[in-house]
Amino acid sequence: MKKTALAVLALVCSFGIAQAAPKHPRRAEVNLRLARQNYRIDKKVDEGKMSTAEASKLHNEDHQIRQEEKDMASQDGGHITKLEQKTLNQQEDHVSKQIRNH
């Protein structure tokens, strides 16, 4: 039941985040990826492949990336540049590798 509820919540969050920035495809892509990573982290915890402490650390890293994305967008009328997207993607790649290595 918990796994199903988390999966549904992750999908709803992914959809909501993607809908929040429909006119800004770079932001939507970054935020959808963050939502998917959060889902992957929660799934690893549910499967017993990651501790809650490690999950918390990775969730915090994702949160920092999301905050940086918001800050970047606020400086450019709600958009992020290709270079900013590349920077955020590199940070997301780092978190993704940590998730994969568990």
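Residues numbered from 1 in each chain as written. Predicted model: local features only at pLDDT ≥ 70, side-chain atom pairs only at ≥ 80, totals over all residues. Heavy atoms only, no water.

Explain the overall build of the protein chain residue by residue, including any values.
When helices and strands are counted, the protein chain shows four helices and zero strands. What you see in the protein chain, going N to C, is helices and strands ordered as α-α-α-α. A total of 102 residues make up the protein chain; the buried ones form 33% of that total. (Helix = DSSP H or I, 4+ residues; strand = E, 2+ residues; numbered from the N terminus. Buried < 20%, exposed > 50% of the residue type's maximum accessible area, 1.4 Å probe, protein only.)

Break down the packing of helix α3 (residues 52–74) against helix α4 (residues 82–100) for me, citing the residues and quoting the values.
One way to put it is that α3 packs onto α4 with a least axis distance of 11 Å and a crossing angle of 175°. Of the possible angle classes, the one that applies to α3 and α4 is roughly antiparallel. Counted together, E54, K57, L58, E61, D62, I65, E68, E69 and M72 of α3 and E84, T87, L88, Q91, E92, H94, V95, Q98 and I99 of α4 form the full contact between these two elements. The class makeup of the residues in the contact of α3 with α4 is six nonpolar, four polar and eight charged. (Axes fitted to C-alpha atoms, helices over the stretch in contact; angles between N-to-C directions. Parallel < 35°, antiparallel > 145°, perpendicular 65-115°, else oblique. Contact = heavy atoms within 4.5 Å. Nonpolar A, V, L, I, M, F, W, Y, C, P; charged D, E, K, R; others polar.)

I'd like a description of the nonpolar core, backed by residues and values.
A general trend in soluble globular proteins is that nonpolar side chains are found buried together. Counting 13 residues, the largest nonpolar core has I41, L58, I80 and L88 as the members making the most contacts within it. Of all elements in the fold, only α2 (25–46), α3 and α4 reach the threshold of two or more residues within this core. Discounting chain neighbours no more than four positions away, the residues touching L58 are I41, M50, V95, Q98 and I99. (Core = buried A, V, L, I, M, F, W, Y, C linked by side-chain atoms within 4.5 Å.)

Before we move on, could you go through the pattern of salt bridges and cite the residues and values that matter?
In this structure the tally under the stated criterion is six salt bridges. The partner of E69 in a salt bridge is R27, with the nearest N and O atoms 2.3 Å apart. Residue E69 is found in helix α3, and its partner R27 is found in helix α2; the two are separated by 42 residues along the sequence. The buried category is assigned to R27, whose relative accessible area is 15%. E47 is the salt-bridge partner of K49, the closest N and O atoms lying 3.5 Å from each other. (Salt bridge = Lys/Arg side-chain N within 4 Å of Asp/Glu carboxyl O.)

Outline the side chain of S96, supporting the account with residue identities and numerical values.
Locating S96 in the fold gives a position in helix α4. In this structure S96 comes out as buried when scored by relative accessible area, which is 9%. Once residues lying within four places of it in the same chain are set aside, the contact partners of S96 are R33, Q37 and R40.

Provide a residue-level description of the environment of T87, including the pertinent values.
Here T87 shows up in helix α4. Under the relative-accessibility criterion, T87 is labelled partly exposed at 27%.

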